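Letter by letter, the chains look like this.
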Amino acid sequence: MLGTGAGAVLLFAYLTAPFLVVFVTLLYLAVRRGRATPRDLEGSKRLVLAAEVVWLLAIGVVWTVINVVSIAWIPWLQPYASSPPQSEPSQVVRVEAFMWGYTLETYELKQGTVKFVARSIDTIHSMTIYSPRGEIVATVMLMPGMTEEIVVELKERGEYVIRCLEFCGDGHPAMVSKFRVV
Ligand SMILES: [Cu+2]
């Protein structure tokens, strides 16, 4: 569902609903204020009021356009992330996440389909794999005490980066590991 167009619209609605409420409230207040203006208001004041309304509407339009247009750039809606692996995994790699890094069974993998078996040994982390081009290939949340398996097709050769996207303390921004695909 989340990988589909309907999912994208749902996510868009979810993420933007609070802003929409604020925007509609401001718009309502602006319109009400505009209506309450006495007819004998000086021309310049009327102009200022009109400018305020136009400004508000313009912000709303720009905001809506940016949000709608940028849906296509949501990382996990990229074709790379949403296409399922084409074949059975030929390699299995165990991964241990810790504060703050990852220990991999091996740091050199062969091109193809890989199963990562990952777990966290301390707190909540995530394991997010970026391709050599910087695209997110897969992401999974790691809860202490649970083992997660993800099957990923590593299509490109080169250096892949693993990052934690789940805030896990002081060292979180530096929680990075790398592996090579040959
Ligand atoms: Cu983290």
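This text follows the structure it describes.
All figures in this text were calculated on a predicted structure; none of them were measured in a lab.

Colleague: Give me the lowdown on the sheet that holds strand 1 (residues 91-98), citing residues and values where you can.
Modeller: In a beta sheet, neighbouring strands are held together by backbone hydrogen bonds and run either parallel or antiparallel to one another. Taking strand neighbours across the sheet as the criterion, the 4 strands line up as 2-1-4-7 in an open arrangement whose pairing is mixed. Because the sheet does not close on itself, it has two edges, and the strands there are strand 2 (101-104) and strand 7 (147-154). This sheet shows a mean twist of 30 degrees between the axes of neighbouring strands, independent of strand direction.

Colleague: Before we move on, could you go through the environment of Cys 164 and cite the residues and values that matter?
Modeller: Structurally, Cys 164 is set in the loop between strand 8 (158-163) and strand 9 (176-181). On a C-alpha basis, the gap between Cys 164 and Ser 126 in space is 4.8 Å, while along the polypeptide they are 38 residues apart. In this structure, Cys 164 is in contact with Tyr 102, His 125, Ser 126, His 172 and Met 175, ignoring residues within four places of it in sequence.

Colleague: Outline the coordination of the copper ion, supporting the account with residue identities and numerical values.
Modeller: Only Cys 164 (SG), Glu 166 (O), Cys 168 (SG) and His 172 (ND1) from the protein reach the copper ion as donors, at distances of 1.9 to 2.5 Å. Here the donor residues of the copper ion are spaced in sequence according to C-x1-E-x1-C-x3-H. On the basis of relative accessible area, Glu 166 is assigned to the partly exposed category, the value being 28%.

Colleague: How would you summarise the packing of aromatic side chains if you had to cite specific residues and measurements?
Modeller: This structure, assessed with the given rule, holds 3 aromatic pairs. In textbook terms, an aromatic cluster arises when at least three aromatic residues are bridged by ring pairs, as seen for Phe 116, Tyr 160 and Phe 179.

Colleague: Go over the pairing of strand 4 (residues 112-120) with me, naming the residues and quoting the values.
Modeller: Moving residue by residue along a regular strand, the side chains alternate between the two faces of the sheet. Most of strand 4 is tucked away: 7 of the 9 residues are buried. Note that strand 1 and strand 4 share 7 bridges and pair parallel. Along strand 4, the bridge assignment pairs Val 92 with Lys 115.

Colleague: Talk me through the pattern of salt bridges; I want residue IDs and the actual numbers.
Modeller: One pass over the structure, following the stated rule, counts 5 salt bridges. For Glu 96, the salt bridge is made with Arg 119, and the minimal N-O distance between the two is 2.9 Å. With a gap of 23 residues between them, Glu 96 in strand 1 and Arg 119 in strand 4 connect regions that are remote in the sequence. The partly exposed category is assigned to Glu 96, whose relative accessible area is 29%. For Arg 119, a relative accessible area of 37% gives the class partly exposed. The shortest N-O distance in the salt bridge between Arg 133 and Glu 135 comes to 3.7 Å. Because the salt bridges share partners, they merge into one network encompassing Arg 133, Glu 135 and Glu 156.

Colleague: How would you summarise the sheet that holds strand 9 if you had to cite specific residues and measurements?
Modeller: Strand order in the open sheet formed by 5 strands is 3-9-8-5-6, with mixed pairing between adjacent strands. The open sheet has two edge strands, strand 3 (108-109) and strand 6 (136-142), and neither has a second partner. Summarising the sheet, strand 5 (residues 125-130) and strand 8 pair through 3 bridges and their orientation is antiparallel. By the bridge assignment for strand 8, Tyr 130 is matched with Val 161.

Colleague: Tell me about the pairing of strand 9, and name the residues and values.
Modeller: Only one face of strand 9 is buried: it carries Ser 177, Phe 179 and Val 181, and the other face, with Val 176, Lys 178 and Arg 180, is open. Strand direction decides the pairing type here: strand 3 and strand 9, joined by 2 bridges, are parallel. Its bridge partner lying in strand 9, Glu 108 is registered against Arg 180. Here strand 8 pairs with strand 9 via 6 bridges, running antiparallel. If you follow Glu 159 over to strand 9, its bridge partner there is Arg 180.

Parameters at a glance
- Residues numbered from 1 in each chain as written.
- Predicted model: local features only at pLDDT ≥ 70, side-chain atom pairs only at ≥ 80, totals over all residues.
- Heavy atoms only, no water.
- Pairing = 2+ DSSP bridges.
- Helix = DSSP H or I, 4+ residues; strand = E, 2+ residues; numbered from the N terminus.
- Axes fitted to C-alpha atoms, helices over the stretch in contact; angles between N-to-C directions.
- Contact = heavy atoms within 4.5 Å.
- Donors = N, O, S within 2.8 Å, 3.2 Å for Na, K, Ca; no water.
- Buried < 20%, exposed > 50% of the residue type's maximum accessible area, 1.4 Å probe, protein only.
- Phe/Tyr/Trp six-rings, centres within 6.5 Å; stacked < 30°, edge-to-face > 60°.
- Salt bridge = Lys/Arg side-chain N within 4 Å of Asp/Glu carboxyl O.

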